[in-house]
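# Geometric and topological summary
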Amino acid sequence: MPSVSAHVAAALSRHIDQVFGLMGNGNAHFLDALLRDTGAAFTAVRHEAGAVVAADAHFRVSGRIAAATTTYGAGFTNTLTALAESAQARIPLVLVVGDQPTPGPRPWDVDQIALASAVGVRTYTVGRLDAAATTVIAIEHALANRTPVVLALPYDTPTLEAGPVPELPEPRMPRPIEPSADARAALRRVARALAEAERPVLLAGRGAWLAGAGDALGLLADATGALTATTALGRGVFPDPSHDLGVTGGFGAPAAMELIRTADVVVAIGASLSPFTMRFGELLTPDARFVQVDIAPTATHPRVGEYVRGDARVVAELLAEEVAALGAHATWHDGLDMDALRRQLVEGELAPDGRLDPRATAARIGELLPTDRVVVSDGGHFIAWANMFWPVASPGRMVMIGTAFQSIGLGWPSVAGAAQADPDATVVLTTGDGGGLMALADLETAVRSAGGRGLAVVWNDAAYGAEVNLYGLKGLHEGPMRIPQVDFAALGRAAGAEGVVVERLADLERLATWAAEPAETRPFLVLDLRISGDVIAPYQHEVIRFNS
């Protein structure tokens, strides 16, 4: 007779084909059933947080839900930072974990349901009679609400006989939110404002991509004659980049940000409008008309003057039709030098302290990277350099895990999730030395899972850069902010990669030759960039100004 574990594995594998995790007492029977009886693929990680990170990255790259799995107790508690990040970023995934026995906790058990709830995650506990159905309900909740869920296996249930695996319905998905009557009236006002605008801008975020609004945004841009821009997580969502100003906020090019500040009408679609996107209130002038389109109950920023609730694709299509019917559009982008507007500031190869200037280094790496790439980013001061200098083809090609929860140390295992999500692309990790050390357990996971399709760029300034910039400059003791120089090239070699210490731009020639080699025969490459910590990213200057 099939067991509870077999029911969970069978139900899960009908909707999820990638599972990342570590085996322990609480999930051993589940993993055995998964690998013996289903076609789901399993990728082992070396730290439990990495299981959730990999499943998270898999969804961000592919749009397909994945699962993570760990044992109970310490195995589960080790996932909490990554689980909080996924909850904050609204990433659907299923974390299958062991849990205390049904009669009650043992001395070493903790209240896992309360811990999950504390980071905003719901737990579904399977039983002998409902294991398969509960698994489908958990998947349905994750997808419908864009959130991680925990699927708990009490310690005394995995081997219980549960009878034949039942036929189960498909998870139900909510329909796109249609604008209400009031929202449609607001939509018509917005359409007229766009038609009459002289300097309109469309600003799109990751929500627009998740809604499949790319083509609709292209129609709206054509109908309005607007310049376009994106949030950091929305890069590449507009199908025509010819009038795109790039990322708004501290990652944006100076000339592009100056131009956006002259806009008279700005419509933000599927963007949460974080302080970084809004440049801490400096993105727009006070007299610019600012409209937000989103599925949140109300506007998500106090600067919004008009809010239209509805699915990004649906609203963009309706707006494009309304504006086209009005028959007028702006021409302010005629004659603009878009390349000059998007150009980032790059100074010399070396900073005054003799170490590499990260801007020049990032610009050169951007020229050498394979075109077909997915960039995965840890958190830290260095996040600016990839966002400023490495173009990406779509929002699913730039993944920043950690920024929602303001965490570092989630970089290495994200390579595994991205590598399984897009088996043809080169996966490029951008990480700092602080976060890189924190996640070091899964350096081996990255090398093993990506192989020659993997590249790690370590921005090594021998410091926790954000802390030095925020607190060192205020005169606080820098001892806790500094890291002894670490040889990440040697660490990479120890895990089976090729490691290169980069102290001059000429040392990046190995990246050029590596990119030209077939992925099947080249090694995973770790670039240990010895950069200056004295060069502060523009977005960090905005943070410093705001905090001061």
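Quick caveat: nothing in here was measured; it's all calculated off a predicted structure.

Definitions and cut-offs
Residues numbered from 1 in each chain as written. Predicted model: local features only at pLDDT ≥ 70, side-chain atom pairs only at ≥ 80, totals over all residues. Heavy atoms only, no water. Helix = DSSP H or I, 4+ residues; strand = E, 2+ residues; numbered from the N terminus. Rg over C-alpha atoms; globule rule 2.2 N^0.38 Å. Buried < 20%, exposed > 50% of the residue type's maximum accessible area, 1.4 Å probe, protein only. Contact = heavy atoms within 4.5 Å. Areas by Shrake-Rupley, 256 points an atom, 1.4 Å probe, with all protein chains shown as cover. Lys, Arg positive; Asp, Glu negative; His and termini not counted. Charge placed at Lys NZ, Arg CZ, Asp CG, Glu CD. Pairing = 2+ DSSP bridges. Axes fitted to C-alpha atoms, helices over the stretch in contact; angles between N-to-C directions. Parallel < 35°, antiparallel > 145°, perpendicular 65-115°, else oblique. Left-handed = near helix turned anticlockwise from the far one by under 90°. Nonpolar A, V, L, I, M, F, W, Y, C, P; charged D, E, K, R; others polar. Core = buried A, V, L, I, M, F, W, Y, C linked by side-chain atoms within 4.5 Å. Salt bridge = Lys/Arg side-chain N within 4 Å of Asp/Glu carboxyl O. Phe/Tyr/Trp six-rings, centres within 6.5 Å; stacked < 30°, edge-to-face > 60°. Lys NZ or Arg CZ within 6 Å of the ring centre and 35° of its normal. Expected span 1.5 Å × (residues − 1). Right-handed = clockwise from strand over helix to strand, strands pointing away. Polar contact = N/O pair within 3.5 Å; in protein donor to acceptor, adjacent residues only side chain to side chain.

## Overview of the overall build of the protein chain
Scanning the protein chain for helices and strands turns up 22 helices and 18 strands. The C-alpha radius of gyration of the protein chain comes to 24 Å, within 12% of the 24 Å expected for a compact globule of 548 residues. Projected onto its principal axes, the C-alpha coordinates of the protein chain cover approximately 70 × 60 × 50 Å. The 548 residues of the protein chain split such that 59% are buried. Long-range pairs, those at least 24 residues apart, make up 77% of the contacts in the protein chain with a sequence separation of at least 6. When the accessible surface of the protein chain is summed, it comes to about 21,400 Å², and 53% of that surface belongs to carbon and sulfur atoms. Here the protein chain carries 42 positive and 61 negative side-chain charges, and the mean point of each set is 3 Å from the other.

## Concerning the sheet that holds strand S15 (residues 426-432)
Taken in spatial order, the 6 strands of this open sheet run S14-S13-S15-S16-S18-S17, and their pairing is parallel. Of all strands in the sheet, those with a lone pairing partner are strand S14 (398-400) and strand S17 (498-502), marking the two edges. For this sheet, the mean inter-axis angle between neighbouring strands, taken without regard to orientation, is 15°. Inspection of the sheet shows strand S16 (residues 454-460) paired to strand S18 (residues 525-530) by 6 bridges, in the parallel sense. Looking at the pairing, Trp 459 lines up with Leu 529 of S18. Taken strand by strand, helix H14 (residues 358-368) contacts S16 and S18, and its axis lies near 170° from that of S16.

## Some words on the packing of helix H10 (residues 214-224) against helix H12 (residues 312-326)
Where H10 meets H12, the axes come as close as 8 Å, and the angle between the chain directions of the two elements is 25°. The angle between H10 and H12 places the two elements in the roughly parallel class. Where H10 crosses over H12, the two elements pack in a sense that is left-handed. Residues Ala 216, Leu 217, Leu 219, Leu 220, Ala 223 and Thr 224 of H10 lie in contact with H12, whose contacting residues are Arg 313, Ala 316, Glu 317, Leu 319, Ala 320, Val 323 and Ala 324. When its residues are assigned to classes, the contact of H10 with H12 shows 10 nonpolar, 1 polar and 2 charged.

## Some words on the sheet that holds strand S10 (residues 265-269)
Read from one edge to the other, the open sheet built from 6 strands follows the order S9-S8-S7-S10-S11-S12, with strand pairing classed as parallel. The strands lining the two open edges of the sheet, one partner per strand, are strand S9 (244-247) and strand S12 (306-309). Each neighbouring strand pair of the sheet contributes to a mean axis angle of 15°, computed without reference to strand direction. Across the sheet, H10 is in contact with strand S7 (200-204), strand S8 (227-230) and S10; its angle to S7 comes to roughly 170°.

## Here we look at the nonpolar core
The tendency in soluble globular proteins is for nonpolar side chains to be buried as a group. If you look at the biggest cluster of nonpolar residues, it comprises 51 residues, and the most contacted ones within it are Leu 95, Trp 412 and Phe 524. No other element matches the 8 residues that helix H3 (residues 48-62) contributes to this core. Look past the residues within four positions of Trp 412 in its chain and what remains in contact with it is Leu 429, Gly 436, Ala 439, Leu 440, Asp 442, Leu 443, Ala 446, Ala 456, Val 458, Phe 524 and Val 526. Membership of the second largest hydrophobic core comes to 42 residues, among which are Met 388, Leu 455, Val 457 and Leu 525.

## Here's the deal with the pairing of S15
Across the 7 residues that make up S15, a large majority, 7, are buried. Judged by which residues are buried, S15 turns out to be covered on both faces: Thr 426, Val 428, Thr 430 and Gly 432 on one side and Val 427, Leu 429 and Thr 431 on the other are all buried. Pairing of strand S13 (residues 373-377) with S15 involves 5 bridges; the strand directions are parallel. In the strand pairing of S15, Val 374 is matched with Val 427. As judged from the 6 bridges shared by S15 and S16, these two strands associate in the parallel manner.

## Considering the pattern of salt bridges
Summed over the entire model, instances satisfying the criterion amount to 25 salt bridges. A salt bridge links Arg 510 to Glu 498, with the shortest nitrogen-to-oxygen separation between them at 2.8 Å. Here the residue Arg 510 occupies a position in helix H21 (residues 509-516), and Glu 498 occupies one in strand S17, the gap between them amounting to 12 residues. A single salt-bridge network, built from bridges that share partners, covers Arg 46, Glu 444 and Arg 448.

## Here we look at the packing of aromatic side chains
Aromatic ring pairs are described here by two measures, namely the spacing of the ring centres and the angle between the planes. If you walk through the whole model with that rule in mind, you get 6 aromatic pairs. Consider the rings of Phe 276 and Tyr 539, whose centres lie 6.4 Å apart with planes at 65°: the pair is edge-to-face. Taken as a pair, Phe 276 in the loop between S10 and strand S11 (289-294) and Tyr 539 in helix H22 (residues 538-547) lie far apart in primary sequence, 263 residues in all. Taken together, the ring pairs connect Phe 251, Phe 276, Phe 280, Tyr 539 and Phe 546 into an aromatic cluster. Here the guanidinium or amino end of Arg 106 rests over the ring plane of Tyr 72, the centre of that ring lying 4.5 Å away. Note that Arg 522 overlies the ring of Trp 514, its terminal NZ or CZ placed 3.8 Å from the centroid.

## Details of H3
The terminal C-alpha atoms of H3 lie 22 Å apart, and with 15 residues this matches the ideal 21 Å at 1.5 Å per residue to within 8%. The buried count for H3 comes to 14 of 15 residues, which makes it a mostly enclosed element.

## Topic: the packing of helix H1 (residues 4-13) against helix H7 (residues 131-145)
The interhelical angle for the contact between H1 and H7, taken along N-to-C directions, is 35°, at an axis separation of 8 Å. In this structure, H1 crosses over H7, and the sense of that crossing is right-handed. Of H7, the residues touching H1 (which contributes Val 4, His 7, Val 8, Ala 11 and Leu 12) are Ala 131, Ala 132, Thr 135, Val 136 and Ile 139. Per-class residue counts for the contact of H1 with H7 are 8 nonpolar, 2 polar and no charged.

## Here's the deal with the pairing of strand S1 (residues 18-21)
On any regular strand, side chains alternate: one points to one face of the sheet, the next to the other face. Burial of S1 is two-sided: the residues Gln 18 and Phe 20 facing one way and the residues Val 19 and Gly 21 facing the other way are all buried. Where S1 meets strand S2 (residues 41-44), 4 bridges bridge the pair, whose relative direction is parallel. Each bridged residue has a counterpart across the sheet, and for Gly 21 the counterpart in S2 is Ala 44. Crossover connection from S1 via helix H2 (residues 28-37) to parallel S2: handedness right-handed. In the sheet, S1 pairs with strand S3 (residues 67-70) via 3 bridges, with the strands oriented parallel. Each residue of the ladder has a partner; that of Val 19, found in S3, is Ala 67.

## Structural notes on the environment of His 301
Mapped onto the elements of the fold, His 301 is located in the loop between S11 and S12. On the basis of relative accessible area, His 301 is assigned to the buried category, the value being 19%. C-alpha of His 301 to C-alpha of Met 278: the two residues are 23 residues apart in sequence and 9.2 Å apart in space. When residues no more than four places from it in sequence are discounted, the contact partners of His 301 are Leu 273, Met 278 and Gln 292. Within the local environment of His 301, its side chain forms a polar contact with the backbone nitrogen of Arg 303, the two atoms lying 3.0 Å apart.

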